[in-house]
Amino acid sequence: MNGYSYDTKDMIYALATPWGTSAIAVIRISGAGCIEALKEVFSRPEALAKCSSHTLVHGQLLNRQTSTPIDEVLLSIFKDGRGFTGEESVEISCHGSMAGVESIFKLLTSLHMRSAAPGEFTFRAFMHGKMDLTRAEAVMEIVSSQSELGHSLALERLEGHLFTLIEEIKQLVLHAMSVIEVQLDYAEDEISGNVDFPFDTVERARGRIETLLATYAVGKLYGEGAKVVLAGSTNAGKSTLFNLLLREDRSIVSDVHGTTRDFIESKTVLDGIPVRIYDTAGLRDSDDMVEMEGIRRTRRLIDDADLILLLLDGTEHDSESAVRYGNLMDDTRCIVVWNKTDLATNPPLEGSFPLSAKRGEGFARLRDEMVSRLRKDARRPGVQDVVIESARQRDELIRAKSALTEAVLLANQEVPLDIVAVELGEALEALGSLTGEVASSDILEKIFSGFCVGK
Ligand SMILES: Nc1nc2c(ncn2[C@@H]2O[C@H](COP(=O)(O)OP(=O)(O)OP(=O)(O)O)[C@@H](O)[C@H]2O)c(=O)[nH]1
Ligand SMILES: [Mg+2]
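As a starting point, this report considers the structure included with it. (Residues numbered from 1 in each chain as written. Chains lettered and ligands numbered in written order. Predicted model: local features only at pLDDT ≥ 70, side-chain atom pairs only at ≥ 80, totals over all residues. Heavy atoms only, no water.)

**Notes on the overall build of the protein chain**
Here is step 1: From N to C terminus, the protein chain includes 17 helices and 12 strands.
Here is step 2: Expected size for 455 residues packed as a compact globule is a radius of gyration near 23 Å; at 29 Å, the protein chain overshoots this value by more than 25%.
Here is step 3: C-alpha atoms of the protein chain, sized along the principal axes, occupy 85 × 80 × 35 Å.
Here is step 4: By the burial criterion, 48% of the 455 residues in the protein chain qualify as buried.
Here is step 5: Of the accessible surface of the protein chain, which amounts to about 22,100 Å², a share of 50% is contributed by carbon and sulfur atoms.
Here is step 6: When the 49 positive and 71 negative side-chain charges of the protein chain are each reduced to one mean point, those points stand 7 Å apart. (Helix = DSSP H or I, 4+ residues; strand = E, 2+ residues; numbered from the N terminus. Rg over C-alpha atoms; globule rule 2.2 N^0.38 Å. Buried < 20%, exposed > 50% of the residue type's maximum accessible area, 1.4 Å probe, protein only. Areas by Shrake-Rupley, 256 points an atom, 1.4 Å probe, with all protein chains shown as cover. Lys, Arg positive; Asp, Glu negative; His and termini not counted. Charge placed at Lys NZ, Arg CZ, Asp CG, Glu CD.)

**Focus on the pairing of strand β8 (residues 264–270)**
Here is step 1: Relative to strand β9 (residues 273–279), β8 runs antiparallel, the two being bridged by seven bridges. Counted as the bridge partner of L270 is I273 from β9.
Here is step 2: Linking β8 back to β9 in an antiparallel pair, the connection comprises two residues, with D271 at a positive phi of about 45°. (Pairing = 2+ DSSP bridges.)

**Some details on the pattern of salt bridges**
Here is step 1: A complete count under the given rule lists 29 salt bridges for this structure.
Here is step 2: Residue K170 is joined to E167 by a salt bridge in which the shortest nitrogen-to-oxygen separation is 2.8 Å. Of this pair, K170 and E167 both sit in helix α7 (residues 161–186), three residues apart, which is roughly one turn of the helix.
Here is step 3: Residue classification places K170 among the buried residues on the basis of a relative accessible area of 5%.
Here is step 4: Given the relative accessible area of 22%, E167 is considered partly exposed.
Here is step 5: As a salt-bridge pair, E293 and R297 come within 3.3 Å of each other at their nearest N and O atoms. Separated by four residues within a single helix, E293 and R297 lie in helix α11 (residues 289–304), roughly one turn from each other.
Here is step 6: Among the charged side chains, a network of salt bridges with common partners joins D10, E87, R114, E120 and R124. (Salt bridge = Lys/Arg side-chain N within 4 Å of Asp/Glu carboxyl O.)

As structure tokens, then:
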């Protein structure tokens, strides 16, 4: 992994809490021999030697040369492979100054421990059978979750509900496979014909895969979130609406045209959906180099958006915007907002959403529209729903589904059953790869290098 082999034999450490100043920081260490190694730099080596697993030991970490204290710490001890990684491990709760944490890192390095690569702790947990791949991915999704609902959905996956569902589907395919194999064994001379292909079982498996696949869009939405861009002419009220959406005075509002010259980005949650909102520079002709660059950036953001709020200034005839933003108005991602309704405005453009960003009138309706557009008719998932979020899981499910579809097709065409069985085998492999049973090192590398915990 980036020239790094995820060796599981040595001792690794990493900061488990965020990198920054805090009351307490936790450094996690994993690997056989780590307790013995720590004895050399701990003020109470005897206590450390005698303590049992799942206990806390209080003491000081000492400088190796001078034996002066580096920090007062609490060590959480996990023996006999009972740590998170399935290995011997220690968690150091120390004081949360960055300089202090750095000194402890240096101390650990001098004890022949090394800084863990991203995801390496979870990788070890997976390698030692502490979790399957769906749970390992859930750990990553929990760490990076951006809304309460996204967090709950990832927790469900960590609890293994996705794993159980996939196992159930696998059992159905295995059952179908065994029915075929019996026929292959006992009817070697007459293996053509589809007399006993278990259509029902295979269809049931395929139906379940389809149901799970249908959760991907919503899982991705609540996990990864969406990008919303506020666009429109200068002075239309974009920054005012931006602040309203964030419930804070984040962006400068003024009646000077071209106030926002570069985009401003912020995060919020809309009905459980993590949303990244961009306030942009209004599009207009300008000779100003800085403003032109701002406008170029606005265009790039618009291309990349999941949802665009196009603000029109209702007090102006705004034919200019209609021309300038003509393409946007026809874009299915676009909601046209008719702003400044508290002032005498022209009648709102057909299909637009009347709003007074200044007073908040019309805001609730606009928010509901934003949520329903982002959700694209999908219902809000319940906290206990099994939902997939990872593109890898989606791809494996598609592979399994295609193989089952092919199997049914071949069986219907009375193709020899051993050929049909190959398709079932392919489906099983895809399902196995989902849970990590047969995952290749390439896949493992991709998943675990995606982890970004610690520093
Ligand atoms: N009366 C009224 N004034 C508004 C409303 N929305 C915005 N304004 C005013 O319109 C002016 C421009 O608002 P901004 O939010 O700065 O507009 P903008 O689209 O961000 O403008 P640029 O950054 O220049 O592109 C400010 O004086 C706001 O107070 C509204 O709903 N009603
Ligand atoms: Mg602005």
